[in-house]
Amino acid sequence: MVDIFVTKGMSLHDAHNTIETLSLYPDLFLEIMMQQELGMIEEDESPLKNGLVTLISFIIFGSTPIASYVISDVAMRDPYMGTKVNLAFVVSSICTGLTMFVLGAFTARFTNMSWWKSGLLIFANGAFAAGVAYGIGYGLSMLNVDH
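What comes next is a walk through the structure. For every chain, the first residue of the written sequence is number 1, and numbering continues from 1 along that sequence. Confidence filtering applies because this is a predicted model: local features only for residues at pLDDT of at least 70, side-chain atom pairs given and counted only at 80 or more, and all residues used for totals across whole chains, interfaces and linings. Water and hydrogen atoms play no part in the side-chain values, which are based on all heavy atoms of the structure.

### Things to note about helix 6 (residues 115-143)
Moving on, step 1. The first and last C-alpha atoms of helix 6 sit 42 Å apart over 29 residues, in line with the 42 Å expected at 1.5 Å per residue.
Moving on, step 2. All buried positions along helix 6 are accounted for by Ser118, Gly119 and Gly126. In this description a helix means any DSSP run of H or I spanning at least four residues, a strand means any run of E spanning at least two, and both kinds are numbered starting from the N terminus. Helix span, expected: 1.5 Å multiplied by one less than the number of residues in the helix. Classification of residues uses two cut-offs on accessible area relative to the type maximum, computed with a 1.4 Å probe and protein chains only: under 20% is buried, over 50% is exposed, and between them is partly exposed.

Listed below in structure tokens is the structure:
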């Protein structure tokens, strides 16, 4: 801790005195040590609240791909031919991409990034993950081809 205080501009003598004084107040000393030496910041947030927010986010944002696929699949059926227009996948992909961008833009409130940059970053991560998953699925489907 002495080194930290010295690097922040305190003289060596004053740093030793400060540590000696802080040692008389164990709770304060521990709090300062956690912040300065370990980089930990104590948060007063409720784990239950954080868990519920995460659950609700997963339900809302996680259901977007499947819900948009199902809705567009039903909406695009041709009532006369009994077939469907195969745009459900495209509509679902667009809705999912927009949702990822909105989620990223929203998370910018908690970071030092601009909303559009955060939105693009989350969108790019999601698009990459979806592309890899689609590619793996396609590759595995080729292994199960009936000849």
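### Let's talk about the layout of surface pockets
Moving on, step 1. By volume, the largest pocket is sized at about 460 Å³.
Moving on, step 2. Those elements that place two or more of their residues in the lining of the largest pocket are helix 4 (47-75), helix 5 (88-107) and helix 6.
Moving on, step 3. If one sorts the elements of the lining of the largest pocket by residue count, helix 5 sits on top with 8 residues.
Moving on, step 4. Note on residue categories: nonpolar means Ala, Val, Leu, Ile, Met, Phe, Trp, Tyr, Cys or Pro, charged means Asp, Glu, Lys or Arg, and polar means any other residue, Gly included. Of the residues that constitute the lining of the largest pocket, the class distribution is 12 nonpolar, 7 polar and no charged.
Moving on, step 5. Points on a 1 Å grid over protein atoms alone make up a cavity when a 1.4 Å probe fits among them but cannot get out, and a pocket when they form an open set with protein on both sides within 12 Å along at least five of seven lines; lining residues each have an atom within 4 Å of a point. Grid points are joined across faces, edges and corners, and a volume is the space filled by probe spheres set on the points. If you add up the space inside the second largest pocket, you get close to 240 Å³.

### So, the nonpolar core
Moving on, step 1. We call a set of buried residues a nonpolar core when its members are Ala, Val, Leu, Ile, Met, Phe, Trp, Tyr or Cys and they connect through side-chain atoms within 4.5 Å of each other. Ranked by size, the top nonpolar core spans 6 residues in total: Met1, Val2, Phe5, Ala15, Ile19 and Leu22.
Moving on, step 2. Those elements that provide at least two residues to this core are helix 1 (2-7) and helix 2 (12-22).
Moving on, step 3. For this core, the element with the most residues is helix 2, which contributes 3 residues.
Moving on, step 4. Those residues within four positions of isoleucine 19 in sequence are excluded, and the remaining contacts are Met1, Val2, Phe5 and Phe29. Residue contacts follow a heavy-atom distance rule, with two residues in contact if any of their heavy atoms lie within 4.5 Å.

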